[in-house]
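Structural overview
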Amino acid sequence: MNYTSWTFWILFALVIVRYWRLSHRHQNDLLLVASYFFYGFWDYRFLFLILISTIIDYIGGLGVAGIRLTTDRIRRLGVLTVGSAILLCANVRYPDLFQGFVELDRRRILEALPHTLRDFYIPFAVTAVCLTYGRALPWLYELPEAARRKYFLVISMVANLGILGFFKYFDFFIDNFRTLVMSMGFGEPSWTTLGILLPAGVSFYTFQAMSYTIDIYRGHTKPTQHFRDFALFVCFFPHLVAGPIMRAHTFLPQVVNPRRLAPGAFEQGLYLVVIGLFKKIVIADNMAVIANHLFNRFQHGEAAALTGLDVLVGVYAFAFQIYCDFSGYSSIARGISKWLGFELIINFNTPYLAVSPSDFWRRWHISLSTWLRDYLYVSLGGNRFGPLMTYRNLLITMLLGGLWHGANWTFFAWGFYHGAILCAYRLLNISDDIATESAAGRAYWLWRVFLMFHLTCIGWLLFRADSFASVWQMATLIATNPAVTLFAVSSFATIVFYCTLMFVLEWWLEGERRLDRLLTSNWLVRAPVYSYLVLMLVIFRAGEAHEFIYFQF
């Protein structure tokens, strides 16, 4: 289920029809049920992961703040955890079970239920962990304040990073370790990868849950004692699977306190939803046709007839695809949230107008870049210990940021590349302050934007390619074979056709910061803009729909 499917909009319609008629408490309960249904629509088993992360950080946040859970509440959370493990992870085949009840088929019902000890491995393990943690809690509460705070913080961090690491990186490291062992002449190891499925949005909600406990530890926010409110903070469905990553001190009060539909919120939300759908359906999905054609040719060894200009235009297409895909999701999330009385942060701010790497990361995926800055870069020491340590901290932060995006060495290289150009600009003391009052100043600004866009595209080549061999082959073609082809010309014309007016609109509205310029303007301005967006959605949608790119992360 995603924002471009009818199933999502049917779900949202069912929610919004009742939402504003309910009390605040019942609004939260309705959103919580809708959020779990939304997430479970992909694979209901992964609901257990988000529940585990929620429970761990709920207990951890209270523990850091020195608030003890009663024995009864601990017991209820334990029952909820173990019960969920049995229902979601014990290999119950629910479609067959349901069909068996409908047909009153006893044999089918029994076959749909767990029938081997292996089916209960996860519930048994969860029960053991719950009993152990429940026994340890009274001891943890009695520790001196500093030790107690650190223990609860460490438990939260280890649990969340353990979930993220296992599902995202276990197979990756096993596969690379097998390759290393074989390359050293020890033969082929007997162990194999597990074929682990990557849960949608796991990178986003684990980071959001972790930030809650860290912020409490740092004194930036206070915990909530209401479990359902905290659960909604973690799994709020408009931004659950692809962000933006919200901080507790800005988002949790919106969950805990009563909400109202602010003046102008409906109009703002409608524009954000429409522009988000336009970015995704019209631009990103059409750019995907060009980018996929180009990159798949190299992946399948069919790139002999391509030129460097073909490759460059394909990289441009991917640059606009990933921007419109991801920023489109964020825009829709913000629009839907406004209709529900919530305010999400702006996650993109015209990043391709950046004049330097640091400026780019102030504009691109803002919720992640600020998360990495505040929780990783600053924790490493930031720029407080001299230039060498600053460069080290920048490289570590960007390397881990690259690895966050996926279990592939190309993502690692992408992170290193961005860390390297951040260091290079800092080393050369290149300022972001550019005076644009004069013609010379505007020309210099355009040169800096042009340069930074192409530096970013080099990074996108690393990000999108399937291997370093493909990266090298594509980079070599760009450098040595600039021949013009029909594919390059037609693809570039397609990019200009789909993207130009959207970027003019974004420049005018300063991304999403000045929506008032459009929403309060004369109808002679608004009507053409709205008509253009709607007609493009109807007429020029791509022939094939593509999943949101960041669902994979």
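Here we summarise the structure given alongside this text.

1. Here we look at the overall build of the protein
Summing up its helical and strand segments, the protein has 22 helices and 0 strands in all. Relative to the globule expectation of 24 Å for 553 residues, the C-alpha radius of gyration of the protein, 25 Å, shows essentially globular dimensions. Seen through its principal axes, the protein has C-alpha atoms that stretch 70 × 70 × 60 Å. Classification of the 553 residues of the protein by burial places 53% in the buried group. A sequence separation of at least 24 residues applies to 75% of the contacts in the protein between residues at least 6 apart. A gap of 7 Å separates the mean positions of the 44 positive and 34 negative side-chain charges of the protein.

2. Considering unusual backbone geometry
Positioned with a positive phi, Leu104 is a non-glycine residue whose angle comes to about 55°. Relative to the helices and strands, Leu104 resides in the loop between helix 5 (94-103) and helix 6 (106-112). Among the residues examined, Leu104 registers a relative accessible area of 73% and is labelled exposed. Positive phi is not limited to glycine here, since Glu510 has a value of about 55°.

3. Considering helix 10 (residues 227-235)
A large share of helix 10 lies buried, amounting to 8 of its 9 residues. Within helix 10 the residues assigned to the buried category are Phe227, Asp229, Phe230, Ala231, Leu232, Phe233, Val234 and Cys235. Contacts made by the buried residues of helix 10 are with helix 2 (24-40), helix 3 (47-65), helix 4 (71-89), helix 9 (202-218) and helix 11 (248-256).

4. Details of the pattern of salt bridges
Opposite charge on two side chains allows them to pair when their charged atoms are near. Here the structure, examined in full by the defined rule, presents 24 salt bridges. Between Lys279 and Glu506 there is a salt bridge, and its shortest N-O distance comes to 2.5 Å. With a gap of 227 residues between them, Lys279 in helix 12 (residues 265-299) and Glu506 in helix 20 (residues 486-509) connect regions that are remote in the sequence. Taken individually, Lys279 and Glu506 each receive the classification buried, so the pair is uniform in this respect. Among the charged side chains, a network of salt bridges with common partners joins Asp359, Arg362, Arg363, Asp432 and Arg448.

5. Notes on the nonpolar core
Counting 162 residues, the largest nonpolar core has Tyr271, Tyr352, Trp364, Trp460 and Tyr550 as its most contacted members. Residues contacting Trp364, with those up to four places away along its chain left out, are Ile322, Tyr323, Asn347, Phe348, Pro351, Tyr352, Ser369, Trp460 and Tyr550.

6. Some words on the side chain of Thr390
Among the secondary structure elements, Thr390 is positioned in helix 16 (residues 387-404). A distance of 2.9 Å separates the side chain of Thr390 from the backbone oxygen of Gly386, its partner in a polar contact. Those residues within four positions of Thr390 in sequence are excluded, and the remaining contacts are Tyr377, Gly382, Asn383 and Arg426.

Analysis parameters
- Residues numbered from 1 in each chain as written.
- Predicted model: local features only at pLDDT ≥ 70, side-chain atom pairs only at ≥ 80, totals over all residues.
- Heavy atoms only, no water.
- Helix = DSSP H or I, 4+ residues; strand = E, 2+ residues; numbered from the N terminus.
- Rg over C-alpha atoms; globule rule 2.2 N^0.38 Å.
- Buried < 20%, exposed > 50% of the residue type's maximum accessible area, 1.4 Å probe, protein only.
- Contact = heavy atoms within 4.5 Å.
- Lys, Arg positive; Asp, Glu negative; His and termini not counted.
- Charge placed at Lys NZ, Arg CZ, Asp CG, Glu CD.
- Salt bridge = Lys/Arg side-chain N within 4 Å of Asp/Glu carboxyl O.
- Core = buried A, V, L, I, M, F, W, Y, C linked by side-chain atoms within 4.5 Å.
- Polar contact = N/O pair within 3.5 Å; in protein donor to acceptor, adjacent residues only side chain to side chain.

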